[in-house]
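# Observations on chain architecture
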Amino acid sequence: ILRNETPSGPHGAKPAERLEVCGDLRLRHESEVRLPDRPDRHRERVRLRVDACYPVTTEVSVEGRVTTGSRSDPNSPHQTLGEAFHRFELNLDRALVRYKPHWAKRVTAVAGKLEHPFWRNPVYGDLVWDADVSPEGATQAYSYEGSGSVRTAGVALGEYIFLEQGSGGEAGVLAAQGRVVLSASERVSIDGAIAYYHYGNLTPDGALLILSESGDNARALGDSAFAS
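Given the structure is predicted, the values throughout are model-derived calculations rather than measurements.

This part takes up the pattern of salt bridges. Tallying each qualifying case throughout the model produces 10 salt bridges. Between R47 and D24 there is a salt bridge, with the nearest N and O atoms lying 3.0 Å from each other. Of the two residues, R47 sits in strand 2 (residues 41–55) while D24 sits in strand 1 (residues 20–32), which places them 23 residues apart along the sequence. Overall, R47 belongs to the buried group, its relative accessible area being 8%.

Here's what the structure looks like:
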């Protein structure tokens, strides 16, 4: 039985009307020329991303994102044209729950497969994390918007699950960042951040999965391992 008398939700809209869906499509041409020990290369690439957000309450929302790209490459959602008409891969890139409590409006907590909460340099944004990497675990962030000399200040924490094994050790990442934006004048501001990253054992019990499938986000030197 279908009825149009669906009760309104926490935002005053019917449940179906609260669903927000958006996306973007990128068509890009890439040329690599005059590189040492490499032939010139020209290729066409496609990226499709579709995001969905459903506010369960005024404090809790469920979100997800589907993208093109290879499942084994966490650094790029792009598909290269010219693979004998093969179908594009489509993967679940994000699946998370976001909590923004009324009693602490400057605090946001997220859990699942999510985006980084850290500020990135707008010019060289991939100094630590590639922008397309979606880590797994939980994050907490606090942000403050001021009106004086301090425009913005905040702290973000991330507890990431790097590798889980049923019969062996596990690997994780603990990350923290503090950021502040100072107002030097009406048109000039100073933006800075400092971060700390603690990586656990990336090869627990001899497991090499991280090193083989991390998309160059991890390295091993002798008996030690680190991520970059």
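Read on, since the account is not over.
Listed in full, the 10 residues of the largest apolar core are L96, V110, L114, F118, W129, V133, A156, Y160, V173 and A175. Listed by contribution, the elements that provide at least two residues to this core are strand 8 (150–163) and strand 9 (171–183). In contact with V173, not counting residues within four places along its chain, are W129, G158, E159, Y160, F162, H198 and Y199. Listed in part, the 5 residues of the second largest apolar core include A171, L202, A207 and I210.

Right, let's get into a nonpolar patch on the surface. A surface patch of nonpolar side chains, amounting to about 570 Å² of accessible area, comprises L19, V21, L25, L27, L48 and V50. Listed by contribution, the elements that provide at least two residues to the nonpolar patch are strand 1 and strand 2. Examining the composition of the nonpolar patch, we find that 3 residues originate from one element, strand 1, more than from any other. Mapped onto the elements, L19 comes out in the segment before strand 1.

Let's shift gears to the pairing of strand 7 (residues 136–145). Of the strand pairs in this sheet, strand 6 (residues 107–113) and strand 7 are connected by 7 bridges, and their pairing is antiparallel. Bridging across to strand 7, A109 finds its partner in Q140. With 9 bridges connecting them, strand 7 and strand 8 associate as antiparallel partners. Paired with Q140 across the bridge in strand 8 is L157. Joining the antiparallel neighbours strand 7 and strand 8 is a turn of 4 residues.

This paragraph deals with the packing of aromatic side chains. One pass over the full model with this rule turns up 4 aromatic pairs. An aromatic cluster is present here, built from F118, W129, Y160, Y197 and Y199 joined pairwise through their rings.

With that settled, the discussion passes to the state of the cysteines. As enumerated under the stated definition, the model contains 0 disulfides in all. Free cysteine C53: the closest other cysteine sulfur is in C22, separated by 8.8 Å.

What follows covers the side chain of T108. Tracing the chain through its elements places T108 in strand 6. Looking at T108, the relative accessible area reads 18%, which means it is buried. Sequence-distant contacts of T108, that is, excluding residues within four places in its chain, are made with R98, Y99, K100, T139, Q140 and A141.

Glancing now at the confidence of the model for the protein chain. Detailed reading of predicted coordinates is not advised where the pLDDT is low. Looking at the protein chain, the pLDDT average stands at 85 and 86% of residues meet or exceed 70. Mean pLDDT across the elements of the protein chain bottoms out in strand 12 (residues 224–227) (42) and peaks in strand 6 (98). In this model residues 218–228 is a low-confidence stretch, pLDDT under 50, and it forms 21 contacts with partners more than four residues away in sequence or in other chains.

The pairing of strand 8 with strand 9 spans 12 bridges and is antiparallel. Each residue of the ladder has a partner; that of I161, found in strand 9, is G172. Relative to strand 10 (residues 189–199), strand 9 runs antiparallel, the two sharing 11 bridges. Residue pairing for strand 10: S183 is matched across the bridge by S189.

Right, let's get into the side chain of R43. Mapped onto the fold, R43 is located in strand 2. Residue class for R43 comes out buried when judged on its relative accessible area of 17%.

What follows covers unusual backbone geometry. Within the chain, R34 stands out as a residue other than glycine whose phi angle is a positive 55°. Within the secondary structure, R34 sits in the loop between strand 1 and strand 2. Here R34 falls in the exposed class, since its relative accessible area comes to 80%. The phi torsion at A84 lies on the positive side, around 55°, for a residue other than glycine.

Conventions adopted
Positions within a chain are numbered from 1, following the residues in the order the chain's sequence is written. Given that the model is predicted, a residue must reach a pLDDT of at least 70 before its local features are reported, and side-chain atom pairs must reach 80 or more before they are shown or counted; all residues, however, enter totals for whole chains, interfaces and linings. Side-chain figures throughout are based on the complete set of non-hydrogen atoms in the structure, without hydrogens or water. Each salt bridge in this description consists of a side-chain nitrogen of Lys or Arg and a carboxyl oxygen of Asp or Glu lying within 4 Å of one another. Per the convention used, a helix needs a DSSP run of H or I reaching at least four residues, while a strand needs a run of E reaching at least two, with both numbered from the N terminus. Buried residues are those whose accessible area, probed at 1.4 Å on protein chains only, stays under 20% of the maximum for their type, while exposed residues exceed 50% and partly exposed ones sit between those limits. Definition of nonpolar core: a set of buried residues of the types Ala, Val, Leu, Ile, Met, Phe, Trp, Tyr and Cys, connected through side-chain atoms within 4.5 Å. Contacts: residue pairs with any heavy atoms within 4.5 Å of one another. Within this analysis, patches are made of residues with over 30% relative accessible area and no salt bridge. Like charges are joined at 9 Å or less; nonpolar side chains (Val, Leu, Ile, Met, Phe, Trp, Tyr) at 5 Å or less. Accessibility throughout is a Shrake-Rupley quantity obtained with a 1.4 Å probe, and a residue counts as covered only by protein chains that appear here. A pair of strands is labelled paired if DSSP reports no fewer than 2 bridges between them. Any two rings among Phe, Tyr and Trp, with Trp reduced to its six-membered ring, count as a pair given centres within 6.5 Å; such a pair is stacked if its planes are under 30 degrees apart, edge-to-face if over 60, and tilted if neither. What counts as a disulfide here is a pair of cysteine sulfur atoms lying within 2.5 Å. Think of pLDDT as the predictor's per-residue confidence, scored from 0 to 100.

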